[in-house]
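Architecture and fold: a report
Residues per chain are reported as follows:
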Amino acid sequence: MRSRPLQGESDPLSPWSPAVIRLLLFALLLLVPIQVNAGSPLVARIEMAEFTFRPSIVRLPARRQVQLVLVNHGQIAHQFETVYLYKNLAVVVNTALRVEANGVEFVRLQPGGTATLTFLSRVRGRFPFACTIEGHREAGMVGLLEVQ
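Residues numbered from 1 in each chain as written. Predicted model: local features only at pLDDT ≥ 70, side-chain atom pairs only at ≥ 80, totals over all residues. Heavy atoms only, no water.

With that settled, consider the nonpolar core. In this structure, L68, F80, L117 and F119 are the most contacted members of the largest nonpolar core, which totals 29 residues. Of all elements in the fold, only β1 (42-49), β3 (57-60), β4 (64-72), β6 (89-94), β8 (107-109), β9 (114-121), β10 (125-130) and β11 (142-147) reach the threshold of two or more residues within this core. (Core = buried A, V, L, I, M, F, W, Y, C linked by side-chain atoms within 4.5 Å. Buried < 20%, exposed > 50% of the residue type's maximum accessible area, 1.4 Å probe, protein only. Helix = DSSP H or I, 4+ residues; strand = E, 2+ residues; numbered from the N terminus.)

Counting buried positions over the 5 residues of strand β7 (residues 98-102) gives 0, only a small fraction of the element. Bridge count for β6 against β7 is 5 bridges, and the pairing is antiparallel. Residue pairing in the sheet places A90 in a bridge with A101 of β7. Hairpin connection of β6 to β7: 3 residues between the antiparallel strands. (Pairing = 2+ DSSP bridges.)

This paragraph deals with the side chain of N88. Looking at the element boundaries, N88 is found in the loop between β5 (78-82) and β6. Look at N88 and you get buried, because its relative accessible area is 8%. Those residues in contact with N88 that lie beyond four places of it in its chain are A101, N102, G103, V104, F119, L120 and R122. (Contact = heavy atoms within 4.5 Å.)

The calculated volume of the largest pocket comes to roughly 190 Å³. In terms of lining, the largest pocket is formed by 11 residues, of which the most central are Q65, L89, F119, L120 and R122. Within the residue set of the lining of the largest pocket, elements represented by two or more residues are β6 and β9. (1 Å grid on protein atoms, 1.4 Å probe; cavity = no way out; pocket = protein on both sides within 12 Å on 5 of 7 lines; lining within 4 Å. Points joined across faces, edges and corners; volume = space filled by probe spheres on them.)

Across the sheet, 6 strands lie side by side as β2-β1-β4-β9-β6-β7; this open sheet has mixed pairing. Taken across any chain shown, the strands that pair with only one partner, and hence form the sheet edges, are β2 (52-54) and β7. Strand-to-strand twist across the sheet, computed as the mean angle between neighbouring axes with direction ignored, equals 20°. With 7 bridges connecting them, β1 and β4 associate as parallel partners. By the bridge assignment, I46 is partnered in β4 with L70. (Axes fitted to C-alpha atoms, helices over the stretch in contact; angles between N-to-C directions.)

This part takes up the packing of aromatic side chains. Tallied over the entire structure, the rule returns 5 aromatic pairs. With a centroid separation of 6.2 Å and an interplanar angle of 90°, the aromatic rings of F53 and F80 are classed as edge-to-face. Placement of the pair is F53 in strand β2 and F80 in strand β5, with a sequence separation of 27 residues. Using a relative accessible area of 2% as the deciding quantity, one classes F53 as buried. The class of F80 is buried, set by a relative accessible area of 2%. (Phe/Tyr/Trp six-rings, centres within 6.5 Å; stacked < 30°, edge-to-face > 60°.)

On to the pattern of salt bridges. Summed over all chains, the structure comprises 4 salt bridges. For R54, the salt bridge goes to E47, with nearest N and O atoms at 3.9 Å. Residue R54 is classed as partly exposed on the basis of its relative accessible area of 42%. Here R126 makes a salt bridge to E146, at a shortest N to O gap of 2.7 Å. With R126 in strand β10 and E146 in strand β11, the pair connects residues that are 20 residues apart, well separated along the chain. Looking at R126, the relative accessible area reads 58%, which means it is exposed. Given the relative accessible area of 9%, E146 is considered buried. (Salt bridge = Lys/Arg side-chain N within 4 Å of Asp/Glu carboxyl O.)

Laid out in C-alpha cells, this is it:
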C-alpha cells in the first residue's frame, strides 16, 4: 500500500486535484447568475397610421432586451396588440405614465402619441400583431414579430 502518489501522479483525494477543481468550477457556474446581453437594449420603431404599421415585419434577436418605440402618426387612435407580450414582464412608458406588468394586453395611442415598450425577447417564433380597435385589423392594420 502506497502512502503517497508517485512523482507526476496527482492524488485524487487531494483538495486541489484536477477533478476537484473541475467540480468546484462547475458548481460555481451553476450558482452564478448569467446576465443575458449586458449591453444596451435593441431599439425597434413601429409607426402607426391609417391603417398600417411601418414596418409590418419586425425581426428581433432572441434573449435580448428590446425597446419597441410605438408612434401614432395617424389622425385617429390606434393600438398595438400581440400575444407575444401576454405573459412577458414588460415596461410601458409614455409621457403620462410608466407601467410595469407581468403581461401587456395592448398599448393604445392617441394621434401624435408615443410609447416605449421594453421587454426581454425570450421565446423564438413568429407572432402576429394588430391594431385591435374595431375595423382596423380588418382594414389591414396587421404585422408580424419574428423572434430569431
